[in-house]
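# Results of the structural survey
Spelled out, the chains give:
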Amino acid sequence: MSTRTLKGLIPALQASDGAGVKLLRSLGQTQGHRLDPFLMLDSFSSDNPDDYIAGFPPHPHRGFETVTYMLDGHMLHEDHLGNRGDLRGGGAQWMTAGRGIIHSEMPQQTNGRLRGFQLWINLPAKEKMKPASYRDIQPEEIPTATLADGIEVRVVAGVLDTAGTTVAGPIRGISTQPLFLDVRLPAGTVFTHGLPEGHHAFVYPYEGMVDILAPGQDAQRINTHQAGLLGTGDGVTISATDQAARFLLLAAHPLNEPVVQYGPFVMNTREEIEQAVFDYQNKQLT
Ligand code: CO
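Per chain, the residues get numbers from 1 upward, laid out in the order the sequence is written. Note on the predicted model: pLDDT of at least 70 is required for a residue's local features to be given, and 80 or more for side-chain atom pairs to be given and counted; whole-chain, interface and lining totals, by contrast, use all residues. Only hydrogens and water are removed before side-chain values are computed, so all heavy atoms of the structure are retained for them.

## Overview of the overall build of the protein
Inclusion rule: Secondary structure elements follow DSSP: runs of H or I no shorter than four residues count as helices, runs of E no shorter than two count as strands, and numbering proceeds from the N terminus. Put simply, the radius of gyration uses C-alpha atoms, and a globule should come to 2.2 Å times the residue count raised to 0.38. It only takes one pair of heavy atoms within 4.5 Å for two residues to be counted as in contact. Shrake-Rupley sampling with a 1.4 Å probe provides the accessible areas, and residues are treated as covered by the protein chains on show and by no other component. We treat Lys and Arg as the positive residues and Asp and Glu as the negative residues; His and chain ends play no part in the count. Each charge is placed at NZ for Lys, CZ for Arg, CG for Asp and CD for Glu.
When helices and strands are tallied, the protein shows one helix and 26 strands. For 286 residues, the compact-globule estimate of 2.2 N^0.38 gives 19 Å, and the C-alpha radius of gyration of the protein, at 18 Å, lies within 12% of that figure. Projecting the C-alpha coordinates of the protein onto the three principal axes gives extents of approximately 60 × 45 × 30 Å. Taking all contacts inside the protein whose residues are at least 6 apart in sequence as the whole, residues at least 24 apart take part in 73%. Total accessible area on the protein stands at roughly 11900 Å², and carbon and sulfur atoms take up 50% of it. Between the centroid of the 22 positive side chains of the protein and the centroid of its 31 negative side chains there is a distance of 3 Å.

And the structure:
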């Protein structure tokens, strides 16, 4: 295995989106802070309802996918197609905006706590105008693998394949072939996983911190709420050296296409963005 090393860190910054929802944004804090095809990663965590209670009232998207993964609390959502769902803690929603969706996302706390993520993944040019679709994935549909040393991995997308354990997640058939793992490492344990050469990958610790290990190299630390961008190679070794840690491991095939973003619209050219704005203003987005 050619082990990947850390090639950059994006510390999350405080941000506010929707109707004043307070969140931490790593990828996507500026248009230079991306990792093709990942456009944005927001982490929200609060036990104060004032930080999020107004939620994300109806808003549009075009040209990419949003993945909402809840740890605690839940999220009510509704879209223009008439879909209505309640995303529960431990569940995920995989929404393909395609040519357009208008939806609302309203966080609800459970026992005072709300915690989760929203990830934006770009769509290839040829799929940006496909019809919108979404999938609610219930907590029990996301398999949890227990590995040696008490390591636990929830497989949201792609396939966990390590040390003789193979577990497929519920999301398949996405052309960027995303891997989305939520890993819990007890203190002093190490997790190694293969990554297809050429796929872009990053690690996001949301509890504790982790070290990226590679032969002949000093350990490279990723602190809590930093996106650690990995270099090239066909695998990664991640250690919770001092204390237990929980992190997301995300990888996908890059698109290598031009990205032009205007708020919730992500297209390939300025003309396509102007068309999206025109379509939205003229109620033709969807
Ligand atoms: Co949205």
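## Quick look at the coordination of the cobalt ion
Under the convention used in this document: Sites may look incomplete, because water is not among the atoms used; the donor set itself consists of N, O and S atoms within 2.8 Å of the metal (3.2 Å for Na, K and Ca). When accessible area is computed with a 1.4 Å probe and restricted to protein chains, residues below 20% of their type maximum are described as buried, those above 50% as exposed, and intermediate ones as partly exposed.
The protein atoms donating to the cobalt ion are His 59 (NE2), His 61 (NE2), His 103 (NE2) and Glu 105 (OE), with metal-donor distances spanning 2.1 to 2.4 Å. Of note, the donors binding the cobalt ion are all from one chain and are spaced H-x1-H-x41-H-x1-E. The pair His 103 / Glu 105 is uniform in exposure class, with both members buried.

## Some details on the nonpolar core
Put simply, the rule is: Note on terminology: a nonpolar core comprises buried Ala, Val, Leu, Ile, Met, Phe, Trp, Tyr and Cys residues joined through side-chain atoms within 4.5 Å.
Counting residues in hydrophobic clusters, the biggest one holds 29 residues, and the most contacted among them are Leu 27, Tyr 69, Leu 119, Phe 180, Phe 202 and Tyr 204. Listed by contribution, the elements that provide at least two residues to this core are β4 (38-46), β6 (64-72), β9 (92-96), β11 (114-122), β14 (152-157), β19 (200-207), β22 (226-230) and β24 (245-252). Once you skip the residues sitting within four places of it in the chain, Phe 180 turns out to touch Val 67, Tyr 69, Leu 119, Arg 154, Val 155, Val 156, Ala 157, Leu 248, Leu 249 and Leu 250. Val 167, Val 203, Val 210 and Phe 247 belong to the second-largest nonpolar core, a separate cluster that totals 27 residues.

## Structural notes on the sheet that holds strand β18 (residues 189-194)
Where we set the bar: Should DSSP find at least two bridges between two strands, the strands are regarded as paired. Lines are fitted to the C-alpha atoms to define the axes, a helix being fitted only along its stretch in contact, and any angle between axes, read from their N-to-C directions, falls within 0 to 180 degrees.
As summarised here, the arrangement of the four strands in space is β18-β23-β20-β21, forming an open sheet in which the pairing is antiparallel. The two strands at the open ends of the sheet, each matched to only one other strand, are β18 and β21 (220-222). For this sheet, the mean angle separating the axes of adjacent strands, direction not counted, is 30°.

## With respect to the packing of aromatic side chains
Which entries qualify depends on this criterion: We call Phe, Tyr and Trp rings a pair once their centres come within 6.5 Å, taking the six-membered ring for Trp, and we label the pair stacked below 30 degrees between planes, edge-to-face above 60, and tilted otherwise.
In this structure the tally under the stated criterion is eight aromatic pairs. For the ring pair Phe 38 and Phe 202, a centre distance of 5.4 Å and an interplane angle of 75° mean the geometry is edge-to-face. Of this pair, Phe 38 sits in strand β4 while Phe 202 sits in strand β19, and the two are 164 residues apart along the sequence. Comparing Phe 38 with Phe 202 shows no difference in burial state: the two are buried. Here the aromatic residues Tyr 69, Phe 117, Phe 180, Tyr 204 and Tyr 206 are joined through ring pairs into a cluster of three or more.

## With respect to the side chain of Ser 26
In this fold, Ser 26 is placed in the loop between β3 (21-25) and β4. Judged by relative accessible area, Ser 26 falls into the buried class, the value being 0%. Discounting residues that sit within four places of it in the chain, Ser 26 has contacts with Ile 10, Ala 12, His 33, Leu 41, Tyr 204 and Ala 227.

## Re the pattern of salt bridges
For side chains of opposite charge, pairing can occur when their charged atoms come near one another. Definition in use: A carboxyl oxygen of Asp or Glu within 4 Å of a side-chain nitrogen of Lys or Arg is what we treat as a salt bridge.
Tallied over the entire structure, the rule returns 17 salt bridges. Among the salt bridges present, the one from Arg 25 reaches Asp 17, with a minimum N-O distance of 2.9 Å. The class of Arg 25 is buried, set by a relative accessible area of 13%. The shortest N-O distance in the salt bridge between Asp 242 and Arg 221 comes to 3.1 Å. Residue Asp 242 is located in the loop between β23 (235-240) and β24, and its partner Arg 221 is located in strand β21; the two are separated by 21 residues in the primary sequence.

## Section: the environment of Leu 147
Mapping Leu 147 onto the fold places it in the loop between β13 (144-146) and β14. Among the residues examined, Leu 147 registers a relative accessible area of 14% and is labelled buried. Sequence-wise, Leu 147 and Val 167 are 20 residues apart; in three dimensions their C-alpha atoms are separated by 11 Å. With residues up to four places along the chain from it excluded, the contact list for Leu 147 reads Val 153, Leu 160, Thr 162, Thr 165 and Phe 191.

## What to know about unusual backbone geometry
Following Asp 36, the chain continues to Pro 37 via a peptide bond in cis, the omega torsion being 5°. Here Pro 37 lies in the loop between β3 and β4. Although it is not a glycine, His 225 adopts a positive phi angle of roughly 60°. A positive phi is found at Asn 256, a non-glycine position, where the angle reads about 55°. Within the element layout of this structure, Asn 256 appears in the loop between β24 and β25 (260-262).

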